Amino acid sequence: MYGEVLLRAPKLGDRRLKPGDEVLCTTHDHYSHHESIRLATERAGASMRMIPLFADAATASTDSLIAALLAGIGPKTRVVGLTWVHSSSGIRLPIREISAALRARSGAPVLLVVDGVHGLGSTDETVASMGADYFCAGTHKWMFAPRGTGLVWASAENWARL
């Protein structure tokens, strides 16, 4: 599901993810998130790069997470893929603030694709107001749906890119 969004959705202007483009993710993301990105970038001829957002989860702040992410964006970065809630540390990334920071930065635009499986259904956040370009989640965790079910959310503008 996530990999298909990366292959089909990321059109910036009139172009899709292509050879030479980069998807940036973090070292804290779940294995399945990394694998989906790896497979999608491999098929598109693009690359994947991982950065740490923090050294110690206990001392991470919204400002430090955003600063680390922004510092990691390079000239080839076209998509940022983040896991909303890290199963290894319990950190819930401030997606709304990250989205705002990505939109406010200078340079080429990047799409924000969020793996939201651990957060969906466990918080009062509204996916539509978080600011992600695409939000993907399995529904078996907090929504008790059958394994293998999930959803992909996007704004009307981003659906039009598909």
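Residues numbered from 1 in each chain as written. Predicted model: local features only at pLDDT ≥ 70, side-chain atom pairs only at ≥ 80, totals over all residues. Heavy atoms only, no water.

A separate point is the nonpolar core. Across soluble globular proteins, nonpolar side chains show a tendency to be buried alongside one another. Counting residues in each nonpolar core, the largest one holds 27 residues, and the members touching the most others are Leu69, Val80 and Leu112. Among the elements that line this core, the one with the most residues is helix α4 (residues 95-104), at 4 residues. Those residues in contact with Leu69, other than ones at most four positions away along the chain, are Leu24, Ile51, Leu53, Val80, Leu82, Ile98 and Leu102. One finds Cys25, Ala44, Ala46 and Val113 within the second-largest nonpolar core, a separate group that totals 11 residues. (Core = buried A, V, L, I, M, F, W, Y, C linked by side-chain atoms within 4.5 Å. Buried < 20%, exposed > 50% of the residue type's maximum accessible area, 1.4 Å probe, protein only. Helix = DSSP H or I, 4+ residues; strand = E, 2+ residues; numbered from the N terminus. Contact = heavy atoms within 4.5 Å.)

Our next topic: the sheet that holds strand β2 (residues 47-51). Reading across from one edge, β2-β1-β3-β4-β5-β6 is the order of the 6 strands in this open sheet, with mixed pairing throughout. The strands lining the two open edges of the sheet, one partner per strand, are β2 and β6 (150-154). Taken over all neighbouring pairs, the strand axes of this sheet differ in orientation by 20° on average, direction set aside. Bridge count between strand β1 (residues 22-26) and strand β3 (residues 77-83): 3 bridges; the pairing is parallel. Each bridged residue has a counterpart across the sheet, and for Val23 the counterpart in β3 is Val79. On top of the sheet, helix α3 (residues 62-72) reaches β1, β2 and β3; it is set at about 145° to β2, its chief contact. Against the sheet, α4 contacts β3 and β4 (111-115), and its axis sits at roughly 165° relative to β4. (Pairing = 2+ DSSP bridges. Axes fitted to C-alpha atoms, helices over the stretch in contact; angles between N-to-C directions.)

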